Amino acid sequence: MKKNIKNQLDKIKPQFSEGGKFAKLHSVYEGFESFLFTPDKTSSQGVHIHDSIDSKRTMIIVVIALIPALLFGMYNIGYQRYLTIGELDAGFWTMFLYGFLAVLPKIIVSYVVGLGIEFASAQIRGHEIQEGFLVSGLLIPMICPIETPLWMIAVATAFSVIFVKEVFGGTGMNIFNVALMTRAFLFFAYPSKMSGDSVFIPTFSIFGLGEGTVVDNFSGATPLGQMATNTGSSINFTNAIGDPITLWDSFLGLIPGSIGETSTLFILIGGLILLFTGIASWRIMIPVFVGGLFMAFIANLFPSETYAGSLICPLQHICLGGFAFAAVFMATDPVTAAHTNVGKYIYGFLVGVMAILIRVYNSGYPEGAMLAILLMNAFAPLIDYCVVETNIRRRMRRAKQS
């Protein structure tokens, strides 16, 4: 089967090459061929590093690492829906199927819009189609609330791919994380669809699944949403029907939140995959958690009723909102993060600190991970510059002393 497909592609290849009938679609052909098969072209001269890891393999491994959090997110969407209508006895597969059908259209829209723009851009420029959007196309729906309309995802994805990625030169040239900028665009352009008491829990039925009347004491506020409106010297998180949320619930992810961000457990499984394969840098990932725990500990040392986030223990901060997801999949983006080893430590630590700092002391925006990473994306080149200049000065001093 594989050989037959390859033979068919080789047969039509001349039509997409220079002078062929479809030469203008050469980039589309190469992109499709590269997606299906490993390129058979290698360097033949000059100094090169030969390795089995290319951009396609890198992106596919990241997608694989995202799968555990995505699958759990689908189940959690169904779980939250059936919890609100009082039918938790519906069964695992019924809940998962509901979540799968609810999330799938968002993934399709993200890929169709993003890849469509990338294909068009590659054709206009005469460049090869890069694989960078394989990851971004999955990240975008995973960091959005389930109630985000499809047309908003399409508009935000188009904005980010065009103005955050393509205008800077495409994959590997963007300054800011594309998926996070999509979320930022949605948050500032359509705030009512990105926050509130209902956008994180589905209120619709799908092909007869999830039909029912919402219970009387329903509240769709996420734990961070409850934190933002909390008053008093203590804070107690509750789920959609008013039952207490424990630290284990937060760690496992059976709480309201964006599709792929709720389960710290499954996010960490994905993180282990990235670290084991060497795709993500532990010099960034671990300092993000260290910085977050450090800032949460400092805030908790000085609790205040004015800032409810200071009443939460450090571990709870790590398990709530999108902090863990940002630490594992967003902050470690090799394009927009710092590149020097020392710079990675600094970058990661500051991301963690800034995320909790914004979350605790800005009640208008209790989820600080997105802004923290986008802010540090802007400072990453400066961090690298300072590290390099410091090394140069240190070596110059050694040279003079010798």
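Here we summarise the structure given alongside this text.

Thresholds applied
- Residues numbered from 1 in each chain as written.
- Predicted model: local features only at pLDDT ≥ 70, side-chain atom pairs only at ≥ 80, totals over all residues.
- Heavy atoms only, no water.
- Helix = DSSP H or I, 4+ residues; strand = E, 2+ residues; numbered from the N terminus.
- Expected span 1.5 Å × (residues − 1).
- Buried < 20%, exposed > 50% of the residue type's maximum accessible area, 1.4 Å probe, protein only.
- Arc of directions from axis to C-beta.
- Contact = heavy atoms within 4.5 Å.
- Core = buried A, V, L, I, M, F, W, Y, C linked by side-chain atoms within 4.5 Å.
- Salt bridge = Lys/Arg side-chain N within 4 Å of Asp/Glu carboxyl O.
- Patch = residues over 30% accessible without salt bridge, like charges linked within 9 Å, V, L, I, M, F, W, Y side chains within 5 Å.
- Areas by Shrake-Rupley, 256 points an atom, 1.4 Å probe, with all protein chains shown as cover.
- Lys, Arg positive; Asp, Glu negative; His and termini not counted.
- Charge placed at Lys NZ, Arg CZ, Asp CG, Glu CD.
- Axes fitted to C-alpha atoms, helices over the stretch in contact; angles between N-to-C directions.
- Parallel < 35°, antiparallel > 145°, perpendicular 65-115°, else oblique.
- Left-handed = near helix turned anticlockwise from the far one by under 90°.
- Nonpolar A, V, L, I, M, F, W, Y, C, P; charged D, E, K, R; others polar.
- Disulfide = S-S within 2.5 Å.
- Phe/Tyr/Trp six-rings, centres within 6.5 Å; stacked < 30°, edge-to-face > 60°.

A word on helix 10 (residues 264-277)
- When the terminal C-alpha atoms of helix 10 are compared, their 20 Å separation across 14 residues agrees well with the 20 Å that a helix rising 1.5 Å per residue should span.
- All of the buried residues along helix 10 are T264, I267, G270, G271 and L274. One side of helix 10 carries all its buried residues, which in axial view fall inside an arc of 120°. Across helix 10 from its buried face, at more than 90 degrees, point the exposed residues L272 and F276.
- Elements that come into contact with the buried residues of helix 10 comprise helix 3 (55-84), helix 9 (247-252), helix 11 (282-301), helix 12 (314-319) and helix 13 (323-330).
- G278 sits one or two positions beyond helix 10 and adopts a positive phi of about 75°.

Quick word on the nonpolar core
- Core analysis: the largest hydrophobic core is formed by 97 residues, its most contacted members being L66, F325, F329, M330 and Y347.
- A total of 15 residues in this core trace back to one element, the largest contributor, which is helix 3.
- Contacts of Y347, omitting those with residues within four sequence positions, involve I284, A331, T336, A337, A338, I373, M376, N377, A380 and I383.
- Of all hydrophobic cores here, the second largest spans ten residues; its members include L224, I235, I245 and I255.

Observations regarding the pattern of salt bridges
- All chains considered together, the criterion is met by two salt bridges.
- For the salt bridge of R359 with E367, the shortest nitrogen-to-oxygen distance reads 3.5 Å.
- Given the relative accessible area of 14%, E367 is considered buried.

A short note on a positive patch on the surface
- A cluster of basic residues, R393, R394, R395, R397 and R398, forms a positive patch on the protein surface.
- By the secondary structure assignment, R394 is in helix 15 (residues 369-401).

What to know about the packing of helix 7 (residues 178-189) against helix 15
- Where helix 7 contacts helix 15, the axes come no closer than 10 Å and their chain directions differ by 125°. As summarised for this structure, helix 7 and helix 15 are arranged oblique, according to the angle between their axes. For the pair helix 7 and helix 15, the crossing hand works out as left-handed. Of the residues in helix 15, those touching helix 7 at L180, M181, R183, A184 and F188 are M370, L371, I373 and L374.
- In terms of residue class, the contact of helix 7 with helix 15 is made up of eight nonpolar, no polar and one charged.

So, the packing of helix 11 against helix 14 (residues 341-361)
- Interaxial distance between helix 11 and helix 14 falls to 7 Å at its minimum, and their mutual angle equals 35°. Note that helix 11 runs across helix 14; the crossing there is right-handed.
- Among the residues making up the contact of helix 11 with helix 14, the classes are represented as 18 nonpolar, five polar and two charged.

Concerning the state of the cysteines
- Under the counting rule described, the total for this entry stands at zero disulfides.
- For C319, which is in no disulfide, the shortest distance to another cysteine sulfur is to C313 and amounts to 8.2 Å.

Quick notes on the packing of aromatic side chains
- Under the counting rule described, the total for this entry stands at 22 aromatic pairs.
- Centre to centre, the rings of F92 and W93 are 4.9 Å apart; their planes meet at 85°, and the pair counts as edge-to-face.
- Look at F92 and you get partly exposed, because its relative accessible area is 43%.
- Here the aromatic cluster, defined as three or more aromatic residues joined through ring pairs, consists of F72, Y75, Y79, F92, W93, F96, F100 and F266.

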